[in-house]
Structure formats: structure tokens, C-alpha cells
Amino acid sequence: MGAGMQDFVILTGIVIKSEPIGEYDRRVVLLTKERGKISAFAKGSRRPGNRLMAPTNPFSFGQFRLFAGRSSYNISEAEISNYFGNLRADFIGAYCGMYFLEICDYYTRENNDETGMLKLLYQSLRALASDRFENQLVRCVFELKAIMINGEFPGIDSSAALGESTAYTITYIMNTPPERLFSFDVKPQVLGELKGFCRKICKRTFDKDFKSLEILENLE
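Residues numbered from 1 in each chain as written. Predicted model: local features only at pLDDT ≥ 70, side-chain atom pairs only at ≥ 80, totals over all residues. Heavy atoms only, no water.

1. Quick look at the side chain of T12
This is how the line gets drawn: Counting from the N terminus, the helices are DSSP H or I runs at least four residues long and the strands are E runs at least two residues long. Throughout this description, buried means an accessible area under 20% of the type-specific maximum (1.4 Å probe, protein chains only), exposed means over 50%, and partly exposed covers the range between.
One can find T12 in strand 1 (residues 8–21). Owing to a relative accessible area of 15%, T12 belongs among the buried residues under this scheme.

Here's what the structure looks like:
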């Protein structure tokens, strides 16, 4: 049976990884609303002027039209609604965003419902790209919520010795959907406690070293 139109799918998602393949192609990993995390090839996307050159860069969010081959997807078109351009221009912000992409790659699976992670990633990148929030706060919120969404949050241990405001902030993050998460700010003391708490939880949760995190921690 030849490849018919039914072999095309349109997925809404974000590029969380992009790597060169051969001379002109790229292999990208997309986190999508409809099919969780998927890999796809973008043929010719590294040729100057190719229409898939910009859409296959990390952070590109929009609709991707994919041709489902026998063993893989191929991107045929993309309509990007947010490139997060101002984030790419901000060195520390970009590495913080790359760290978020790595966590999404670590946690998400193909054909899983990853809507919560996709929403969290999108809102966190928006918060990073805006001037309203400190990167450190956005990072803490992202780390905690990602761990919560994936059912690995151990709760607030009494030995954590957190102030009331910090404990309240963590509870707020736990109970608030991603699209409403970035609606608060905290005092420096609370942010300090939150950072310490996050470091401990992340160390306990992630059994992997994130490349962008190493770079980020050297920059900060």
C-alpha cells in the first residue's frame, strides 16, 4: 500500500533536542500534546535557506506536520508560534531553558500523556523570557513542579527546617496548574530556602548529570 494522506499527522509541541545527522539533516526530539515525546527527522534542514532550518532549533513551539514512515517520523512542515528568540539571546537564560529541556527529555515517554509537562515547559520558558521573574525562582518552580507532575515529590519533610512562607510557596506550587504557576514573587530569604530545598530534592530524584546544569552552575 502506498503512502496516503492518512500517514500525515499534525502535532502541537516544542523542540526539546536537535542534533545534526549526516551533512544536511537533523534529528529532533519533540514534546507533543498528542503523542508525548517523539523523534523525527528533518531532511535538508541544515541547508542554508531551508524552510525547516529555524523551526528545528530547540525551544521552537508550534504545529508540526509529520509524515509517519515505517520506523520514524519525518517533518514536512512547521508553523512556529513562539521561537523564544529573546531567551536565546540571553546567555544564562538560554542555559536555564536548555536545562528545562533536558529534564523534559529525562522524564517524558512516547505515547504517554505529557500534557502537564508540555504546559509546564511552555509557561516556564515564557517566565524565563520575561523580565518579571528571577531565573532562580523560575528554575525552582520548574524543578519542583516537574518532580510533582511525575509523582516523585516526597513532600515537605519536617527536617527541612523551612520558614512558613517557604513551606506555603511549595504547597502553592504543588496545588496550582502550570498555566497559573507564575503569578507570584518571593522575598530573597524565601528564595534562598527554596533553592536549598530544590537542590536536595533534585539530588535525590535525578540519577543523571544534566550537561546544561553544569554550565549553568559555572555561570551563576
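Moving on, there is more to tell.
2. Comments concerning the environment of I10
Selection criterion: Note on contacts: a residue pair qualifies if any of its non-hydrogen atoms lie within 4.5 Å across the two residues.
Along the polypeptide, I10 turns up in strand 1. A relative accessible area of 48% places I10 in the partly exposed class. Placed 94 residues apart in sequence, I10 and C104 show a C-alpha to C-alpha distance of 21 Å. What I10 contacts, discounting residues up to four positions off in sequence, is E34, Q63, F64 and R65.

3. A closer look at the pairing of strand 1
The following threshold applies: Note: two strands are recorded as paired if DSSP finds a minimum of 2 bridges between them.
The pairing of strand 1 with strand 4 (residues 61–68) spans seven bridges and is antiparallel. Paired with V9 across the strands is L66, a residue of strand 4. Both strand 1 and strand 2 (residues 25–32) contribute to a ladder of eight bridges, which runs antiparallel. Its bridge partner lying in strand 2, S18 is registered against V28. Where strand 1 hands over to strand 2, the hairpin turn is made up of three residues, of which G22 adopts a positive phi near 60 degrees.

4. Overview of the packing of helix 2 (residues 91–107) against helix 7 (residues 211–219)
Basically, it comes down to this: Here the axes come from fitting lines to C-alpha atoms, over the contacting stretch only for helices, and the angles between their N-to-C directions go from 0 to 180 degrees. Angle categories are assigned with fixed cut-offs, so that under 35 degrees is roughly parallel, over 145 is roughly antiparallel, 65 to 115 is roughly perpendicular, and the rest are oblique. Working rule for handedness: look at the near helix, and if it is turned counterclockwise from the far one by less than a right angle, call the crossing left-handed; if clockwise, right-handed. Side-chain classes are defined by residue name, with Ala, Val, Leu, Ile, Met, Phe, Trp, Tyr, Cys and Pro counting as nonpolar, Asp, Glu, Lys and Arg as charged, and the others, Gly among them, as polar.
Two elements in contact, helix 2 and helix 7, have axes separated by 8 Å at closest approach and are oriented at 150 degrees. Looking at the two axes, helix 2 sits roughly antiparallel to helix 7. Considering the relative orientation of helix 2 and helix 7, their crossing is left-handed. Of the residues in helix 7, those in contact with F91, I92, Y95, C96, M98, Y99 and E102 of helix 2 are K211, S212, L213, I215, L216 and L219. Among the residues forming the contact of helix 2 with helix 7, the class breakdown is ten nonpolar, one polar and two charged.

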